[in-house]
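Summary of the model geometry
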2 protein chains.
Amino acid sequence: MTAEPHRSPGRPRVDVDPAVLAATLRTVHELGYAGATLDRIAAAAGTAKTTIYRRWSSKGTLVTAALVSAFGPLPPVAGEPRQNLAALVRWGADRVALPGVAAAFAGVFAEAVSDPDLRRLLRTQLQEPYRRGLEQALAVPTARALLIVDLVVGTLLHRRGITGEPMTETDLQQLTTAARALLG
Amino acid sequence: MTAEPHRSPGRPRVDVDPAVLAATLRTVHELGYAGATLDRIAAAAGTAKTTIYRRWSSKGTLVTAALVSAFGPLPPVAGEPRQNLAALVRWGADRVALPGVAAAFAGVFAEAVSDPDLRRLLRTQLQEPYRRGLEQALAVPTARALLIVDLVVGTLLHRRGITGEPMTETDLQQLTTAARALLG
DNA sequence: CAGTATCGAAACTGTAGGTAGCGAAACCTG
DNA sequence: CAGGTTTCGCTACCTACAGTTTCGATACTG
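Starting afresh in each chain, residues are numbered from 1 along the sequence in its written order. Naming scheme: in the order in which they are written, chains are lettered from A and ligands are numbered from 1. The model is predicted, so local features are restricted to residues of pLDDT at least 70 and side-chain atom pairs to those at 80 or more, both for listing and for counting; the totals for chains, interfaces and linings are taken over all residues. Note that water and hydrogens are dropped before the side-chain values are worked out from all heavy atoms of the structure.

1. Notes on the interface of chain A and chain B
Definition in use: Contacts are residue-level and defined by heavy atoms, with any inter-residue pair within 4.5 Å sufficient. Each of two parts loses accessible area, computed with a 1.4 Å probe, when they are put together; buried area is these two losses added. Any Lys or Arg side-chain nitrogen located within 4 Å of an Asp or Glu carboxyl oxygen qualifies as a salt bridge.
Each partner contributes residues to the interface: chain A has 35 residues there, and chain B has 35 residues. Both sides of the chain A and chain B interface together cover about 3,200 Å² of buried area, and 68% of this is carbon and sulfur. In this assembly, chain A and chain B are joined by two salt bridges. Residue arginine 159 of chain B pairs with aspartate 150 of chain A through a salt bridge whose shortest N-O separation is 2.4 Å.

This is the structure in structure tokens:
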């Protein structure tokens, strides 16, 4: 039997979340954060704007959720800190290079400046999980893990934000080198 | 005699630029990028919205100009690359900590994603001058100077974007250490 | 069937970026 | 001073989008 602890009455919710989150990133990728209107996202997801607002309270929280789903959990690493760091930098670079991710980050950061709720969401949904994972994978204290997150993600996003292009392979290696300087 | 090569007829332009740029950063600092409406900026600068639009074609170009004026030219450095790098990291950290700068960057980056003109402006007005200065001060090739700009500014901005707080002194020293790993 | 909750479409509100028109002000030349 | 030119600042306006409200239709439960 399927695990349904307590089926409430009324029309059940359709599971539109995956389609909406994917459509969000896709639309942000194509039209930018401002150009990705809720009407367009809803149309791309094949649903209605009202249905989206029933699940996410604002555009900022929606895009944040799309980012969280695009990143997913940290990949499992089980080696030396220096090895793990290289793998994690590459993992981060791959995610930031995903279509729409950089634009979504920029838009969310801009909104978060004047929206404490959104800032808290960013911290709890994105920063803290990855910070905790880094502490373990790299065997560093909290403050150091935070700085490494800032360093890796910040560098990757700044590159995309200014040039619009992803990093070259040699730049990625250099970034790993720079981050390694924070390990010991 | 004053250096006026060719005074054209008509009412001369009032020099509102410094007041407007300062009011822009101040308003962005207080109300965030989205909350800093052109009407409010104009009121804070003691001028009219139309006057601002006669000088800057959009909110994005205005805020970019405010950033350029807040950063100003690179400070002169004349020492060993490793010394110079430490001074430049500190200079960058001071500028990013200026009220309004981080919020302005976030907003401009978000707009630049879907605005090629604004992206070009960012590149020519901000990235290229400082990249050139770094090449000289640090004795590194272009690609390396670009990466160092991304690393330093990206890290500083990411920290402010997520936590809203500036970096601690020890974090700054660590950032310098990481950047030094890219010197050679 | 009665009750309940969701869906989707449309209409609506408030606000902000950006533009247009215009009288007044500040300079020029003669 | 007169006539020409350009900017100033103000108001009114247009367009677009975030977010809300309303409502009939739909899909469940018991």
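2. Things to note about the protein's contact with DNA strand C
Cut-off, in case you're wondering: To be near a molecule or strand, a residue needs just one of its heavy atoms within 4 Å of it. In protein, a polar contact means a hydrogen-donor-capable atom and an acceptor-capable atom, both N or O and within 3.5 Å, with residues adjacent in sequence counting only if both atoms are side-chain atoms; elsewhere, any N or O pair within 3.5 Å suffices. Secondary structure counts use DSSP, requiring at least four H or I residues in a row for a helix and at least two E residues in a row for a strand, with both numbered from the N terminus. Residue polarity is assigned by list, with Asp, Glu, Lys and Arg as charged and Ala, Val, Leu, Ile, Met, Phe, Trp, Tyr, Cys and Pro as nonpolar; anything else, Gly included, falls into the polar class.
In the vicinity of DNA strand C there are 25 residues, among which Gly10, Thr47 and Arg55 of chain A together with Lys49 and Lys59 of chain B approach most closely. Backbone atoms, meaning sugar and phosphate, make up 59% of the atoms of DNA strand C lying within 4 Å of the protein. Threonine 50 of chain A is positioned with one of its side-chain polar atoms (N or O) 3.2 Å from a base nitrogen of DNA strand C. Lysine 59 of chain B is positioned such that a nitrogen or oxygen atom in its backbone is 2.8 Å from a phosphate oxygen of DNA strand C. Looking at the surface near DNA strand C, the elements that each hand over two or more residues are α3 (49-55) of chain A together with α2 (38-45) and α3 (49-55) of chain B. Top contributing element to the surface near DNA strand C by residue count: α3 of chain A, with four residues. Here the surface near DNA strand C is composed, by residue class, of eight nonpolar, eight polar and nine charged.

3. Some remarks on the packing of aromatic side chains
What describes a pair of aromatic rings is the distance from one ring centre to the other and the angle between the planes of the rings. Let me state the cut-off plainly: Between rings of Phe, Tyr and Trp, where Trp is taken as its six-membered ring, a pair exists when centres lie within 6.5 Å; planes separated by under 30 degrees are stacked, by over 60 edge-to-face, and by other angles tilted. When a residue's accessible area, from a 1.4 Å probe over protein chains only, is under 20% of the maximum for its type it is buried; when over 50% it is exposed; and in between it is partly exposed.
One pass over the structure, following the stated rule, counts 10 aromatic pairs over all chains. The interplanar angle of 50° and the centroid separation of 6.1 Å between the aromatic rings of phenylalanine 71 of chain A and tyrosine 130 of chain A together place this pair among those described as tilted. Here tyrosine 130 of chain A lies in helix α7 (residues 116-138) and phenylalanine 71 of chain A lies in helix α4 (residues 59-71), a separation of 59 residues in the sequence. In this structure phenylalanine 71 of chain A comes out as buried when scored by relative accessible area, which is 7%. Look at phenylalanine 71 of chain B and phenylalanine 105 of chain B: their rings are 5.9 Å apart centre to centre, the planes differ by 85°, and that puts the pair in the edge-to-face class. With phenylalanine 71 of chain B in helix α4 (residues 59-71) and phenylalanine 105 of chain B in helix α6 (residues 101-112), this residue pair connects regions lying 34 residues apart in the sequence.

4. What about the pattern of salt bridges?
Per the counting criterion, the structure on display carries 14 salt bridges over all chains. Residue glutamate 135 of chain A is joined to arginine 131 of chain A by a salt bridge in which the shortest nitrogen-to-oxygen separation is 2.6 Å. Of this pair, glutamate 135 of chain A and arginine 131 of chain A both sit in helix α7, four residues apart, roughly one helical turn. Notably, a salt bridge pairs aspartate 117 of chain B with arginine 120 of chain B, separated by 2.7 Å at the nearest N-O pair. Separated by three residues within a single helix, aspartate 117 of chain B and arginine 120 of chain B lie in helix α7 (residues 116-138), roughly one turn from each other. For arginine 120 of chain B, a relative accessible area of 42% puts it in the partly exposed group. If you follow the salt bridges from partner to partner, you end up with Asp150 of chain A together with Arg159 and Asp171 of chain B in one network.

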